[in-house]
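Working through the structure, step by step
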Amino acid sequence: MNRTKISSLILAALMPFIGICDNGLPVFLGSFKNMKQVDHGILITADNAKVEVLHFSPTIIRIRINRSELQTEFSYAVIQQPVGNFKEIKDKQDSLVLLTDSLQVVITKSPIRIKFSTLAGTLISSDYKDFSLSWQGTEVTCYKKMFPDEKFIGLGEKTGPLNRRGNAYVNWNTDIPAYSYRQDPLYVTIPFYIGIHDDVAYGIFFDNSFRTKFNFGASTDNEFSSFSAANGELNYYFFGAKNISGIIRDYTWLTGRMKLPPYWSLGYQQSRWSYYPESEVLNLASTFREKKIPCDVIYLDIHYMDNYKIFTWNKDRFPDPKSMISKINAMGFHLVTIIDPGIKIEKGYLTYDDGIKNDCFVKYPGGKLYTGSVWPGRCHFPDFTNQKAREWWGKSFTALTGPGVEGFWNDMNEPSAWGQSIPDIVRFDFDGHHSTIAEAHNVYGLNMSRATFEGTKQLLNGKRPFILTRAAYAGIQRYSAVWTGDNQATEDDLMMAVRMVNSLGVSGVSFTGPDMGGFIGTPTNELFIRWMSVGVYTPFLRNHAEINSRRKEPWSFGENIEEISRQWINKRYRLLPYLYSAFYESTQTGMPVARTLAINYPGDEKIYENEFQNEYLFGGEILVAPVARDKTICNVYFPDGEWYRMSTDKLYKGKTEAVVDCPLDDLPVFVRSGGILPLQSVIQNTSEKPSPTLEINLWNGKGPNSFTWYEDDGMTYNYETGQYCLRLISFDPGKKTITIGKTVGSFSSKFTAFRLVLHDFGDIMGLKVNGQDQTLKLKSSTQRFFETELSKDNIEIKY
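Residues numbered from 1 in each chain as written. Predicted model: local features only at pLDDT ≥ 70, side-chain atom pairs only at ≥ 80, totals over all residues. Heavy atoms only, no water.

**Concerning the nonpolar core**
How we decide: Side-chain atoms within 4.5 Å link the members of a nonpolar core, which is a set of buried Ala, Val, Leu, Ile, Met, Phe, Trp, Tyr and Cys residues. Residue exposure (1.4 Å probe, protein chains only): buried if accessible area is under 20% of the type maximum, exposed if over 50%, otherwise partly exposed. Helical segments are the DSSP runs of H or I of at least four residues, strand segments are the runs of E of at least two, and each set is numbered from the N terminus. Two residues form a contact once any of their heavy atoms are found within 4.5 Å.
Counting 205 residues, the largest nonpolar core has I194, F205, W393 and Y537 as its most contacted members. The element best represented in this core is helix α10 (residues 491-506), accounting for eight residues. W393 has contacts with I310, F311, I339, D340, P341, I343, P382, F384, M448, A451 and T452, leaving out every residue within four places of it along the chain. Counting residues in hydrophobic clusters, the runner-up holds 40 residues, among them A46, L155, Y202 and F206.

**With respect to empty space enclosed by the protein**
Applicable threshold: In the cavity and pocket records, a cavity denotes points on a 1 Å grid over the protein atoms alone where a 1.4 Å probe fits but cannot get out, a pocket denotes an open set with protein on both sides within 12 Å along at least 5 of 7 lines, and lining residues are residues with an atom within 4 Å of a point. Grid points are joined across faces, edges and corners, and a volume is the space filled by probe spheres set on the points. Polar here means any residue outside two lists: the nonpolar Ala, Val, Leu, Ile, Met, Phe, Trp, Tyr, Cys and Pro, and the charged Asp, Glu, Lys and Arg; Gly therefore counts as polar.
The tally for this structure, following the rule as stated, stands at seven cavities of 30 Å³ or more. A volume near 190 Å³ is recorded for the largest cavity. K259, P261, Y479, S480 and A481 are the residues nearest the centre of the largest cavity, which is lined by 19 residues in total. Its residues assigned to classes, the lining of the largest cavity comprises 13 nonpolar, three polar and three charged.

**Brief notes about the pairing of strand β19 (residues 224-229)**
So the rule is basically this: Pairing between two strands is assigned when DSSP locates at least 2 bridges connecting them.
With six of its six residues buried, β19 lies for the most part within the structure. Of the two faces of β19, the one lined by F224, S226 and S228 and the one lined by S225, F227 and A229 are each fully buried. Examined bridge by bridge, strand β12 (residues 139-145) and β19 share six bridges and lie antiparallel to one another. Looking across to β19, one finds that V140 is bridged to A229. Pairing between strand β18 (residues 212-215) and β19: four bridges, direction antiparallel. Bridge assignment links K213 to a residue of β19, and that residue is S228.

**Considerations on the sheet that holds strand β23 (residues 334-339)**
Threshold: What counts as an axis is a line fitted to C-alpha atoms, over the stretch in contact for a helix, and the angles between N-to-C directions run from 0 to 180 degrees.
If you walk across this open sheet you meet the nine strands as β33-β32-β30-β27-β23-β22-β21-β35-β34, and the pairing is parallel. Strands with a single pairing partner mark the edges of an open sheet, and in this sheet they are β33 (512-513) and β34 (515-516). Bridge analysis of strand β22 (residues 297-300) against β23 gives four bridges, and the strand direction is parallel. Among the inter-strand pairings, L300 is bridged to a residue of β23, identified as T337. Its contacts with the sheet place helix α3 (residues 278-291) against β21 (269-270) and β22, and it is angled at close to 160° to β22.

**Regarding the pairing of strand β52 (residues 777-780)**
With three bridges connecting them, β52 and strand β53 (residues 783-789) associate as antiparallel partners. Bridge pairing links S780 to Q783 in β53. In this structure, the hairpin formed by β52 and β53 is closed by a connection of two residues.

**Details of the packing of aromatic side chains**
Spelled out, the test is: Ring geometry is summarised as follows: Phe, Tyr and Trp rings, the Trp one being its six-membered ring, pair when their centres sit within 6.5 Å, and such pairs are stacked at plane angles under 30 degrees, edge-to-face over 60 and tilted between the two.
Counted by the stated rule, this structure contains 73 aromatic pairs. For the ring pair F311 and F397, a centre distance of 4.9 Å and an interplane angle of 75° mean the geometry is edge-to-face. Pair noted here: F311 is in the loop between β22 and α4 (321-330) and F397 is in the loop between α6 (387-395) and α7 (398-401), with a separation of 86 residues, a long-range link. Each member of the pair F311 and F397 is classed as buried. Consider the rings of F754 and F786, whose centres lie 5.8 Å apart with planes at 75°: the pair is edge-to-face. Here F754 is found in strand β49 (residues 753-759), whereas its partner F786 is found in strand β53, with 32 residues between them in sequence. The pair formed by F754 and F786 is uniform in burial state, with each residue classed as buried.

Structure follows, in structure tokens:
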């Protein structure tokens, strides 16, 4: 082979990484040259690029554009393949028209511009008229028309307002302690957003793990939005379902949905940097039980290890981990331990020696191992984009699962090394596709979480592990919960945390939450209670504190705060049947547990206002209005419908504002009219059985409603083979009927009776249950109830 040929091959191989020299000027897509049909779509040759348009579903279209030939397909986020074909492809003189059952894609030829519309012709999204795509060096940017009333939500873990219009963001997973209101980037990259305008909505997922940027009209006079990547292809998915819940359903179909977590991980969790020695852990567990404050989980931070070495125990502080874990298990606690990726360079240290032997660490070009410093000192870092390294990592958890650890907390996995500047040339296997940290950085936390999940799931022999991560990429919901990093104990952080959790939810991640109480700093007594009250209505409820802050256990703020904290945590445990059912919904449809009001009420301008942007739905029935520390009254906006205050049954009309009381022990929480809420008795931990009577609360309403109540054993994956209990509870006010549907699934419910509590149903004193008369008892001026057997058959209640 001659030198010219060799040079050409080398240049072609390096082109994705070194870019194309254009004298520093941008290169644009250009015009249409020709088109050919390919499986599931078309491939266009343009003046300066290749453009592929694929039908993934009737409401999901994939666009890939590259300066040279399209690269080999590979994604850590996407788990689906294209399904079906366009119903019709029309090659017109000045455009191409591609039709699905739900959408039409119009591609103008000179110059190329891509537009997405409904079948009726309503424009949903369009390339910007003056320029649609550009390359500057290796950076590729796509420009979209911005509509006058357009709003943008999503992008996962981002600070700032609910509506991202007028702001710009960067995706580059970064360790940022004590981050502020406008801090960006943070720990998580989810390049997925939803645009809302003119009674339509759409989603765009830009699947590129290089450093990416999103600009929603910042410094552009609101003419266009854009998204760009430092390198790689312009590879995005367009979602055109009819509503936002449909867009979320499609996005989580594409990137995967969460599996049900262990039931105990929905309970209250107590953490600190750090609880040690063993005696302090045991005393902590005993204190929760003595004070009758429900709790399921205790965390061990880095001080449980031997000199911060991963997969070790400090024998002085924890001489017998198995015995200690057995003792706290007997008290109803589960243990979660922190895990960092940095492996200390120390011959004789089993994990280090094993990693070297199995060639599991990332390297510089030429083969030298990369070294960075973190807690243990000088470390090597596993290449989690290598299947062999993931398997090695997963098997290493025997040091923790053997003694009885069931939860695994992945930290420092941005990846973070002191100095925060790992050289771009560090090489990664990328599952055989070979790349550098420039492309692997943002997926490092995802793949560490994957390796942790897959390994511990196998080691726990059928039991569900609990995985928690700080860093992540799109698709993380398949493996792990996410917490929002090292926040502060301030009012602003509390409200910011609410929006971040809701943004993660709309971006596919249901199991998420902040460090309640604030990781850094010390909250006032009142602010601590505000954190705890919001935490009850947050998917992931963990109290965590840094090493230099005051103690933040619920009893650390005096007897009054301890009692109010107990009341709030009791409410969390009462809500577990409702909450677990909401998690089940997430596994089926991708709908988040904590839901920004923009999902259900996208066209309501009030929900985007600063005063009301923090309100959200918890599950489908509960409206939460978070409150800052210093308020005793607050203004609440009620979206469309009617809403009852949960604590008083006072009714509020929708599309109105009202000033309501907000004492520390009564956060403004409301239930939609017609709302159905299954509750249980208070328990001290999830291994304790509640009363066998399930309390089904129903608030009166003008329209029908239904709720899917779900149960399983909460510990194993047996639900995947039908061992669950699912019942549809429905309310039809027109027919004056309440129905508890027949049991679906082979799991026997822990509840053998039910108490139906009717809220605001007037003076009715009797009803019929499957044709038999039943007398109602008075619970309060607005509530009446009765109790009876909960059979597995259909139960019809007429009032």
